[in-house]
Amino acid sequence: MTGIWGIVNVTPDSFSDGGRYLDVDRAVAHGLRLRAEGATVLDIGGESTRPGAERVGAEEEQRRVLPVIERLVAESAPVSIDTLNASTAAAAVRAGARIVNDVSGGLADPDMLAAVAESGADYAIGHWRGFSSDMYAHAEYRRAAREVAGELHERMGEAAASGIAPSRLIVDPGIGFSKRGDQNWGVLRGLDEIVALGPRVLVGTSRKRFLAETIGADSATVSEARRDLATAVTSALAARAGVWAVRVHDVGATRDALAIVHAWEG
């Protein structure tokens, strides 16, 4: 069964739900609600990676996420920390996180790979070509899926050289990161090349701009509900392509879509 990562953004400025769960109590309640709806991992983030987002200091990031992680772990919830910072990754694992989800694949912080290796946590390597402030400046591809797979393979090699066992790795093609609309679709159509790399594959399309651009003439006016439906469809198709897990805001809709896919496949 394909896993579902539920997104818990403890931020004031995330593109979809910034500010909703900045309060610790609300963030914890939201995480528990997502788990009840079927989330297999709760992915906790304290820094927005939306296009154009400004960086957050590691101290502030940890102030946001660590109390949430500690309380969710106390409720026996499996937790991932979504961070670019090695110090936050290490602190989150000490607080009980089982996975470090680094959208930069170790490129944003030179200490990340060593910190993860020492922590013993699993490591999700995202495909990344630059910080959110100018990510689209690097959005040039001839064969998007093949290039993404090649760059992920390089990051896997760096992770292995740093002492992270292959069994601990997860790869994420970084939908929306340094990729424009058609390039995202190219990566999704070529997911078999990502799956062929060997590690578990995580895909996150949730509520992203390229989905809204596909279903609406003006992406800014496409409602959250319509984005969630599009997310559930792409997540179901990703499951059919063999991915290990999908990362979403609306766990219930994706849970239902995946149940239909698995019933179809028998």
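Please refer to the structure placed before this passage.
None of these values were measured; they are calculated from a predicted model.

Student: Is there a simple way to explain the packing of aromatic side chains in this structure?
Tutor: Any pair of aromatic rings gets described here by the distance separating the centres and the angle formed by the planes. Summed over the entire model, instances satisfying the criterion amount to three aromatic pairs. Residues W128 and F131 carry aromatic rings whose centres are separated by 4.9 Å and whose planes lie at 90° to one another, so their mutual orientation is edge-to-face. W128 gets classed as buried once you look at its relative accessible area, which sits at 10%. Taking relative accessible area as the criterion, F131 reaches 30% and is therefore assigned partly exposed. For the ring pair W185 and F210, a centre distance of 5.0 Å and an interplane angle of 70° mean the geometry is edge-to-face. In this pair, W185 sits in helix α6 (residues 181–189) while F210 sits in helix α8 (residues 209–215), placing the two residues 25 residues apart along the sequence. For R200, the ring lying beneath its charged end belongs to W244, and the centroid distance is 4.9 Å.

Student: Even after reading the chapter, I still don't get the pairing of strand β7 (residues 200–203), so can you show me in this structure?
Tutor: A regular strand places its side chains so that they alternate between the two faces of the sheet. When strand β6 (residues 169–172) meets β7, the two strands line up parallel, connected through two bridges. The residue bridging I170 from the neighbouring strand is R200, located in β7. Where β7 and strand β8 (residues 245–248) come together, two bridges link them in parallel fashion. Bridge pairing in β8 links V203 to V246.

Student: So what exactly am I meant to see when it comes to the packing of helix α1 (residues 24–37) against helix α2 (residues 58–74) here?
Tutor: Axes are the key here: two packed helices are described by the angle between their axes and the distance separating the axes. At their nearest, the axes of α1 and α2 sit 9 Å apart, and the two run at 40° to each other. With respect to their mutual orientation, α1 and α2 come out oblique. As α1 runs across α2, the sense of the crossing is right-handed. Mapping the contact onto sequence places V24, D25, A27, V28, G31 and L32 in α1 and P67, V68, R71 and L72 in α2.

How each quantity is defined
Residues numbered from 1 in each chain as written. Predicted model: local features only at pLDDT ≥ 70, side-chain atom pairs only at ≥ 80, totals over all residues. Heavy atoms only, no water. Phe/Tyr/Trp six-rings, centres within 6.5 Å; stacked < 30°, edge-to-face > 60°. Buried < 20%, exposed > 50% of the residue type's maximum accessible area, 1.4 Å probe, protein only. Helix = DSSP H or I, 4+ residues; strand = E, 2+ residues; numbered from the N terminus. Lys NZ or Arg CZ within 6 Å of the ring centre and 35° of its normal. Pairing = 2+ DSSP bridges. Axes fitted to C-alpha atoms, helices over the stretch in contact; angles between N-to-C directions. Parallel < 35°, antiparallel > 145°, perpendicular 65-115°, else oblique. Left-handed = near helix turned anticlockwise from the far one by under 90°. Contact = heavy atoms within 4.5 Å.

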